[in-house]
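Understanding the architecture of this molecule
Chain residues, written in single-letter form:
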Amino acid sequence: MDIDYSNKSLSDGLGSSGSSYSKDMNVERDINMIQPYVFEPVETDSSGDHEDLEEIALESSSSSDKTTRLQDTNWTYDRPPVNTERLHANLDTLLQAIVVRLKSKARPPSSVSFHHDCYRHCFYSKGRLSQDGKSVFLDRHDFGDFNFFTGWDHCLDTNGDGVIIKYPIKIRSLLSWSPKVSVIQNGILTPAPRMPQEKLLVDFIRQPFSVLST
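Residues numbered from 1 in each chain as written. Predicted model: local features only at pLDDT ≥ 70, side-chain atom pairs only at ≥ 80, totals over all residues. Heavy atoms only, no water.

1. Considering the environment of leucine 87
When you line up the elements, leucine 87 lands in helix α3 (residues 84-103). For leucine 87, a relative accessible area of 12% gives the class buried. Taking C-alpha positions, leucine 87 is 8.8 Å from histidine 115, a pair spaced 28 residues apart along the chain. Not counting residues within four places of it along the chain, the set of residues in contact with leucine 87 comprises Val82, Cys118, His121 and Cys122. (Helix = DSSP H or I, 4+ residues; strand = E, 2+ residues; numbered from the N terminus. Buried < 20%, exposed > 50% of the residue type's maximum accessible area, 1.4 Å probe, protein only. Contact = heavy atoms within 4.5 Å.)

Written out as structure tokens, the structure reads:
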């Protein structure tokens, strides 16, 4: 009896091929399931970041330069540079006014012609500000940089008697205009030009002093 194995072989072949195919599919499916994500390196242009950092650095440096220039501007306004000859001329005028006031018995403050830039240069950050903020009270050491002659703050006669400054000295800087006057020009009465006047008001108390009492 002949046995036909064609169907069996076919079924075996199909079964074997089917099982192998299914296994291959499962393997491929498993591979696809467990395959990790691959992150390919992305090339980035870092030159832009460097440019941004350079711009930030330039901005910070420029802002610091602006701050430095601003500080220099404030310092120049508070204590501006003054020509030496003009500074000495103003200080001589101030010293003469103090000596005249020591000798005089007048009570009102003395008016002294004094340039405002010289005033800021000489008395910047010196003395104590008055309550109204308009005057400055100065002690003797505040005049130590001016090289005034020895004994400039007292006035004595030949007997050694006189007066001496009772500190502090009160100084107020003023900016005013010359008086209003009228002049005749081409037969017409017209106001004359006015000019600004820079001056100081100097005031202090005189107290008796004698060489014998020292």
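2. A short note on the environment of proline 168
Within the secondary structure, proline 168 is located in strand β5 (residues 161-177). Expressed as a C-alpha distance, the spacing of proline 168 and aspartate 142, which sit 26 residues apart in the sequence, is 10.0 Å.

3. Some points on α3
Along its 20 residues, α3 runs 29 Å from first to last C-alpha, staying within 8% of the 28 Å computed at 1.5 Å per residue. Along α3, the residues that are buried comprise Leu87, Asn90, Leu91, Leu94, Leu95, Ala97, Ile98, Arg101 and Leu102. For α3, the angular spread of buried residues about the axis comes to 160°, placing them on one side. Exposed and oriented more than 90 degrees from the buried face of α3 are Glu85, Asp92, Gln96 and Lys103. Taken together, the buried residues of α3 touch β1 (110-113), α4 (116-123), β4 (154-156), β5 and β8 (196-210). Near the N-terminus of α3, the side chain that reaches the backbone nitrogen of glutamate 85, with its oxygen 3.0 Å away, is that of asparagine 83. (Expected span 1.5 Å × (residues − 1). Arc of directions from axis to C-beta. Polar contact = N/O pair within 3.5 Å; in protein donor to acceptor, adjacent residues only side chain to side chain.)

4. Structural notes on the packing of aromatic side chains
Across all of its chains, the model carries 8 aromatic pairs by this definition. Arranged with centres 5.3 Å apart and planes meeting at 50°, the rings of phenylalanine 143 and tryptophan 152 form a pair that is tilted. For the ring pair phenylalanine 148 and tryptophan 152, a centre distance of 5.3 Å and an interplane angle of 75° mean the geometry is edge-to-face. Here the two residues phenylalanine 148 and tryptophan 152 agree in accessibility, since each one is buried. Aromatic rings pair up to connect Tyr119, Phe123, Phe143, Phe146, Phe148 and Trp152 into one cluster. (Phe/Tyr/Trp six-rings, centres within 6.5 Å; stacked < 30°, edge-to-face > 60°.)

5. Concerning α4
Most of α4 is tucked away, with 6 of its 8 residues classed as buried. Of the positions making up α4, those classed as buried are His116, Asp117, Cys118, Tyr119, Cys122 and Phe123. Buried-residue contacts for α4 involve α3, β3 (136-138), β5 and β8. Serine 125 sits one or two positions beyond α4 and adopts a positive phi of about 60°.

6. Concerning the pairing of strand β6 (residues 182-185)
Pairing of β6 with strand β7 (residues 188-191), which is carried by 4 bridges, proceeds in the antiparallel orientation. Opposite isoleucine 184, over in β7, you have leucine 189 as the bridge partner. A loop of 2 residues connects β6 with β7, the two strands running antiparallel in sequence, and asparagine 186 in this loop sits at a positive phi of about 55°. (Pairing = 2+ DSSP bridges.)

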